[in-house]
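Each chain, written out:
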Amino acid sequence: MLAFAVLWVGYALILVLIAKYSRSRDALLPGRVGVVVQALAYVATYISAVALVGFGGLCYLFGLQMLLVAAGNVWFGTWFVYRYLAWPTRLWQRKLDARTPAELLAKAYRVPALQTFIGALSVVLLVVYGSAVFKGAAVMVAGVLPIPVNAALLVLVAIVGLSVIWGGLRGVLYTEALQGLVMIVGVGALLIALLKAVGGPVYGLQQLAALPPAKGADNGFLALSSGAGGLNVIFLAVVTSIGIWAQPQLIQRHFALRSVEETRRAAPLAMLALSVVVGGAYFASALSRVMLGDGISNPDIVLPTLVHRLLPAFGQQLFALAIVSASLSTASALLHIASGSLGRDVLRKELKGWSWRAVVLLCTLGSGLFALKSGSIIAVICATSWTLLACAIMVPYLALLAFGPKAGPQAAFASSIGGFAASVAWYAAAYASTSKGLTGLAAPGILGAIHPIVPGVLASAVILALCAKTVGVKREARAEA
């Protein structure tokens, strides 16, 4: 146990030291960062322990259809982003000298209120979401070391807070790169051990195909489910692969790019790393049904159960380190962008010295305090944060990259608020998974299974188009007059 404690203490010290000695002058801009670091940091920010443990457990219930989510993450969440979004974002950021995604949109469309709205939304949603990430990491640490969960939580929050304060965005990118590497090693070790245990991938798939259909896999474990089950998998892929286009913590990663060539080099590295981490974890979790049978009712214990059965003591510690790395890399990204949004977008401060330390301290305390709570409102915010941010940001962001700020300030602001409001309304009154518990209402039939990201983004797009058209008509009338 002493050797394992040394491993964890050493890991924590390395993270803090990397952040401290790789920092840049501007806390919100990364400065010069290598391609490998950028690719690994993008993956580490993208993938949290929720994706590995939570979605991994869903693979046990649903089978290989969950690989649709992994494929979406690799191709739409990574290849498409680097091919079409990353470099244009960097060009606009450099042209406007923006420090945050909210500031980029506000300056581009010349509507300061948009910066405040998106900044405030980012602070609230990402601080609360970060608290859940911290709590998950603390539970994992408490499970492998003889310390209470709250003590582990305090230590983890302090480590991430110090890393963000000392390192700024550049330090966060370097610590995330290390954590991404740990994730690859941990998941890779588990996948190799499982394939050996089931007799290899081909024989393992044959055994999985022979299993009878179940509730979560009504067409078998190698096919997409029929009805609402398959629809849920598709929407999960959409939210985690397309909804991430507009996540502020990932948009800000593009600020580190220096050239189109660097963008092209980062893409395959990030895709490969993501394929190993997400594809490996999901494939292992789906095959785990061959070993574990159908007796597990709580999907969250699938991966931990596999790890304890297949890996030796050191391997178990290594995988726990990978899960904690997934959590802390996401937490550091969330804490950094939330702090930048609070200071730069909401308070409109130049974040240097003590002003930077103060906003990071506030957001760190907020995440830590929320992590100590377990209220239903916090759970709802955590589950909906990606969708709400996507609906508020995606349409004006994509419109800017595709057409420039032609839509105008009113259209951009109305589109952002309208998309956010539509998604909230759908969650509350139509989406059966949440609305029945919140208001007792639900849309009839299959409509109740439509994820709120669809009506939210559609409403945002329609509002942008209508407002832009109205502005265009007014301009033509003035010109004729």
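Everything below is about the structure shown above.
Residues numbered from 1 in each chain as written. Predicted model: local features only at pLDDT ≥ 70, side-chain atom pairs only at ≥ 80, totals over all residues. Heavy atoms only, no water.

### Here's the deal with helix H3 (residues 49–62)
For step 1, the next point in the chain: In this model, H3 (14 residues) spans 19 Å end to end at C-alpha, consistent with the 20 Å of a helix rising 1.5 Å per residue.
For step 2, the next point in the chain: The buried fraction of H3 is high, at 10 of 14 residues.
For step 3, the next point in the chain: Where H3 is concerned, the buried positions are Ala-49, Ala-51, Leu-52, Val-53, Gly-54, Phe-55, Gly-56, Gly-57, Cys-59 and Tyr-60.
For step 4, the next point in the chain: Contacts from the buried residues of H3 go to helix H9 (228–241), helix H11 (260–292), helix H12 (302–310) and helix H13 (313–346).
For step 5, the next point in the chain: Residue Gly-63 follows H3 closely and has a positive phi angle near 85°. (Helix = DSSP H or I, 4+ residues; strand = E, 2+ residues; numbered from the N terminus. Expected span 1.5 Å × (residues − 1). Buried < 20%, exposed > 50% of the residue type's maximum accessible area, 1.4 Å probe, protein only. Contact = heavy atoms within 4.5 Å.)

### A short note on the side chain of His-254
For step 1, the next point in the chain: Topologically, His-254 is positioned in the loop between helix H10 (248–251) and H11.
For step 2, the next point in the chain: In contact with His-254, other than residues within four places in its own chain, are Tyr-42, Val-81, Ala-86, Thr-89, Arg-90 and Tyr-397.

### Things to note about a nonpolar patch on the surface
For step 1, the next point in the chain: On the surface, Val-9, Leu-13, Leu-17 and Tyr-21 cluster together into a nonpolar patch covering about 450 Å² of accessible area.
For step 2, the next point in the chain: Structurally, Leu-17 is set in helix H1 (residues 2–21). (Patch = residues over 30% accessible without salt bridge, like charges linked within 9 Å, V, L, I, M, F, W, Y side chains within 5 Å. Areas by Shrake-Rupley, 256 points an atom, 1.4 Å probe, with all protein chains shown as cover. Salt bridge = Lys/Arg side-chain N within 4 Å of Asp/Glu carboxyl O.)

### Quick word on the environment of Ala-266
For step 1, the next point in the chain: Within the fold, Ala-266 resides in helix H11.
For step 2, the next point in the chain: Look at Ala-266 and you get buried, because its relative accessible area is 0%.
For step 3, the next point in the chain: It is 32 Å that separates the C-alpha atoms of Ala-266 and Leu-311, two residues lying 45 residues apart in sequence.
For step 4, the next point in the chain: Residue contacts for Ala-266: discarding those within four places in its chain leaves Val-35, Ala-39 and Tyr-82.

### Here's the deal with the pattern of salt bridges
For step 1, the next point in the chain: The final tally for this structure, using the stated rule, is seven salt bridges.
For step 2, the next point in the chain: A salt bridge links Asp-26 to Arg-99, with the shortest nitrogen-to-oxygen separation between them at 2.7 Å. Of this pair, Asp-26 sits in the loop between H1 and helix H2 (35–46) while Arg-99 is found in the loop between helix H4 (67–96) and helix H5 (101–109), placing the two residues 73 residues apart along the sequence.
For step 3, the next point in the chain: Residue Asp-26 is classed as partly exposed on the basis of its relative accessible area of 24%.
For step 4, the next point in the chain: The exposure class of Arg-99 is buried, given its relative accessible area of 16%.
For step 5, the next point in the chain: Taking the shortest distance from any N to any O, the salt bridge between Arg-253 and Glu-176 comes out at 3.0 Å. With Arg-253 in the loop between H10 and H11 and Glu-176 in helix H7 (residues 149–197), the pair connects residues that are 77 residues apart, well separated along the chain.

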